[in-house]
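The residues making up each chain are set out below.
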Amino acid sequence: MKGYRYLLALALVAAMAGSVYMAISQAAEKNMQYEEYLTEARRLAELNVVEDSAAYYKQALALRDSVEVSIELGQVYEDNDWIGEAISWGEYMTDHFSNDPSVYTFLLRQYIADEDYTECFALRDEVEARDVLSSDFTALLDEIEYVYEFGYDFYDDVSVFGNGLCAVLSNEKWGYANLSGSKEIKCQFAWAGVFTTDEIAPVQDENGDFFYISLTGNKKIAVQNLENCDGLGASVDQILPASDNGVYAYYDLEFEKIAGDYDDATVINGGVGAVEEDGSWYLVDSAGNILSDNAYESVVMDDKGIVCRNERIFAETEDGIVMLDTSGAQIGSQIYEDAKLFLETDSYAAVLIDSEWGFVDQEGNLVIEASYEDARSFSNGYAAVEINGKWGFIDTEGNIVIEAIFQDARDFNEQGCVFIQRSNSWQMLKLIKENYD
């Protein structure tokens, strides 16, 4: 019995040894096969025999999966301009190796080569959600940050955006386009003003009558108590500037007069407006009270008829244009030849110095040197500038981010879109990084 047990133990040891030997032998054979497949894949890749090379790569990967060899196969596709296959393989890798940043960089490179920028920025969102952002991926994104496309709608003229809409001219009639440049309110007016946060805009119909419309394009406020309205301004905080037989005043929503009468009157914004009397301009508050005795030859207005933004005003004295605060006190000592109003808080305004345009901050400090033929103030991070007779865009560091190739340009809206003029028509330019959904 003891001998039997001894023989049984020997048999078990022998069987285990045999199993180990077989496993080692199979592993060695598998490794040899893997190396053979990989060697042949690389040989064929050197000969640009892409299809057969890919087949051997995939056989090797079936034996031993790895991100390094997977990217190597992707590189073969890329090197031979098999962009479709490279994209498909990259998409496979981002699913299969979802925690490896290198596969996302590979796929982004393929999307860029294919000029599929929508997929580029969608991939960026995926990378950020999975927390696999790398410096290589970011560097590639930087290269396409300002890639853009054009909208499909064309206009004869455009105004500026207010409350998500911009007045546009088509076939000699004005209507409104939305933030993407598509027509939102049909072109039906002889003239169209700007929408504000009051959600109304002044318009004039084909019969010459003035009134205010709502965001739907329907009549909202009728002009009352005026004998002959011949001009309307934008409504801010429910204060309406209007002209009656050439005499300007401020009115409430029922067209009851708040203050007047003036030779001219601007929109009141931030509690400050400006009125003209006997050839001189004065700053006024929301009740029409003159804020100081200082008289100015003119005031700078933006496209909305506003003179005060960012708590700053530009007004013309006998020496030139100066920057003022809301009390009428001068900011700094700089005298400008011309200026454009601030368009938003904590941004930069365009000013003309020695016949060239530059940019100043709220304290009057020159933050971007005057070197442009013309310029518009910064809006949503960018400013339109004219260089050699053409318009492009700079960022707040003064870097040219969109080449100056357009006939004219307006201001970027909050959706990363801006109207530009080319071939004598106005069209929407859209930064794809903000318009890819």
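All residue numbers here refer to positions counted from 1 along the written sequence of the relevant chain. Local features are withheld for residues below a pLDDT of 70 in this predicted model, meaning they are given only at 70 or higher, and side-chain atom pairs are given and counted only at 80 or more; totals for whole chains, interfaces and linings count all residues. Side-chain numbers here rest on the full set of heavy atoms in the structure, without hydrogens or water.

1. Looking at the nonpolar core
Let me state the cut-off plainly: Each nonpolar core is a collection of buried residues, namely Ala, Val, Leu, Ile, Met, Phe, Trp, Tyr and Cys, held together in the definition by side-chain atoms within 4.5 Å. Any residue under 20% of the maximum accessible area for its type is buried, any over 50% is exposed, and the rest in between are partly exposed; the area is computed with a 1.4 Å probe on protein chains only. In DSSP terms, a helix is any run of H or I states spanning at least four residues, a strand is any run of E spanning at least two, and both are numbered starting from the N terminus. Pairs of residues are marked as contacts when any of their non-hydrogen atoms sit within 4.5 Å.
Leu108, Leu123 and Ile144 are the most contacted members of the largest nonpolar core, which has 41 residues in total. Elements with a contribution of two residues or more to this core: α1 (2-46), α2 (50-63), α3 (67-79), α4 (83-96), α5 (101-113), α6 (117-130) and α7 (135-143). The element that contributes the greatest number of residues to this core is α5, accounting for seven residues. Apart from residues no more than four positions distant in its own chain, Leu108 is found in contact with Cys120, Leu123, Phe137, Leu140 and Leu141. Judged by nonpolar contacts, the second largest core, of 19 residues, contains Val236, Ile306, Met323 and Ile353.

2. Quick word on the pattern of salt bridges
Worth spelling out the cut-off: We define a salt bridge as a contact between a side-chain nitrogen of Lys or Arg and a carboxyl oxygen of Asp or Glu at a distance within 4 Å.
The full count for this structure, using the stated rule, is 15 salt bridges. Where Arg109 meets Glu78, a salt bridge forms, and the shortest distance between an N and an O atom there is 2.9 Å. You can see Arg109 sitting in helix α5 and its partner Glu78 sitting in helix α3, a full 31 residues away along the chain. Exposure remark for Arg109: the relative accessible area of 28% places this residue in the partly exposed category. As a salt-bridge pair, Asp303 and Arg376 come within 2.8 Å of each other at their nearest N and O atoms. Highlighted residues: Asp303 in the loop between β17 (298-299) and β18 (313-316) and Arg376 in the loop between β24 (374-375) and β25 (383-387), separated in sequence by 73 residues. For Arg376, a relative accessible area of 15% corresponds to the buried category.

3. Some points on the side chain of Gln421
With respect to the helices, strands and loops of the structure, Gln421 is situated in strand β29 (residues 417-422). Excluding its chain neighbours within four sequence positions, the residues that come into contact with Gln421 are Phe406, Gln407, Asp408 and Trp426.

4. Brief notes about α4
Let me state the cut-off plainly: To estimate how far a helix should extend, the number of its residues minus one is multiplied by 1.5 Å.
When the terminal C-alpha atoms of α4 are compared, their 20 Å separation across 14 residues agrees well with the 20 Å that a helix rising 1.5 Å per residue should span. Packing partners of the buried residues in α4 comprise α2, α3, α5 and α6.

5. Overview of unusual backbone geometry
Here Gly260 and Asp261 are connected by a cis peptide whose omega angle stands at 10°. Tracing the sequence through the fold places Asp261 in strand β13 (residues 257-262). Here Asn163, not a glycine, exhibits a phi torsion of approximately 50°, which is positive. Turning to its location among the elements, Asn163 is positioned in the loop between β2 (157-162) and β3 (165-170). Positive phi, normally seen in glycine, also occurs at Asn225, with a value near 65°. Its location among the elements puts Asn225 in the loop between β9 (219-222) and β10 (229-232). A relative accessible area of 56% means that Asn225 is categorised as exposed.

6. Points about the sheet that holds β10
Strand pairing in a sheet takes place through backbone hydrogen bonds and is either antiparallel or parallel in direction. What counts is decided by this rule: Only strands that DSSP links by at least two bridges are regarded as paired with each other. Lines fitted to C-alpha atoms define the axes here, with helix axes fitted over just the stretch in contact, and angles between the N-to-C directions of these axes take values from 0 to 180 degrees.
Spatially, four strands are ordered β10-β11-β12-β13 in an open sheet, and the strand pairing comes out antiparallel. Two strands lie at the open edges of the sheet, namely β10 and β13, each paired on one side alone. Averaged over all adjacent pairs, the angle separating strand axes in this sheet is 25°, with direction ignored. Pairing analysis gives four bridges linking strand β12 (residues 247-251) to β13, with the strands arranged antiparallel. Residue Tyr248 lies in a different strand from β13, and its bridge partner there is Tyr262.

7. Points about the pairing of strand β27 (residues 400-406)
Direction of pairing for strand β26 (residues 390-394) relative to β27: antiparallel, over a ladder of three bridges. Residue Trp391 lies in a different strand from β27, and its bridge partner there is Phe406. Between the end of β26 and the start of β27, which pair antiparallel, lie five residues, with Gly398 showing a positive phi angle near 85°.

8. What to know about the packing of aromatic side chains
Let me state the cut-off plainly: The criterion for an aromatic pair is that two Phe, Tyr or Trp rings (for Trp, the six-membered ring) have centres within 6.5 Å, with stacked assigned to planes under 30 degrees apart, edge-to-face to planes over 60 apart and tilted to the rest. Comment: the charge-over-ring label is applied if NZ (Lys) or CZ (Arg) is within 6 Å of the ring centre and within 35 degrees of the ring normal.
Enumeration according to the criterion identifies 22 aromatic pairs in this entry. On the basis of an interplanar angle of 90° and a centroid distance of 5.9 Å, the ring pair of Tyr146 and Tyr382 is categorised as edge-to-face. Note that Tyr146 is positioned in the loop between α7 and β1 (148-155) and Tyr382 in the loop between β24 and β25, a separation of 236 residues in sequence. Judged by its relative accessible area of 21%, Tyr146 is partly exposed. The class for Tyr382 is buried, based on a relative accessible area of 9%. Look at Phe393 and Phe412: their rings are 5.0 Å apart centre to centre, the planes differ by 75°, and that puts the pair in the edge-to-face class. With Phe393 in strand β26 and Phe412 in the loop between β28 (408-409) and β29, this residue pair connects regions lying 19 residues apart in the sequence. Taken individually, Phe393 and Phe412 each receive the classification buried, so the pair is uniform in this respect. Above the face of the Phe211 ring, Lys219 is positioned so that its terminal group lies 5.1 Å from the ring centre.

9. Observations regarding the environment of Phe137
Relative to the helices and strands, Phe137 resides in helix α7. Residue Phe137 is classed as buried on the basis of its relative accessible area, which comes to 1%. For the pair formed by Phe137 and Leu108, sequence separation is 29 residues and the distance between their alpha carbons is 7.4 Å. Not counting residues within four places of it along the chain, the set of residues in contact with Phe137 comprises Tyr104, Thr105, Leu108, Leu123, Arg124 and Val127.

10. A closer look at the sheet that holds strand β30 (residues 425-431)
Taken in spatial order, the four strands line up as β1-β30-β29-β28 in an open sheet, and their pairing is antiparallel. In this open sheet, the two strands that pair with only one neighbour each are β1 and β28. As paired strands, β1 and β30 are joined by five bridges and run antiparallel to one another. Bridge pairing in β30 places Glu149 opposite Lys430.

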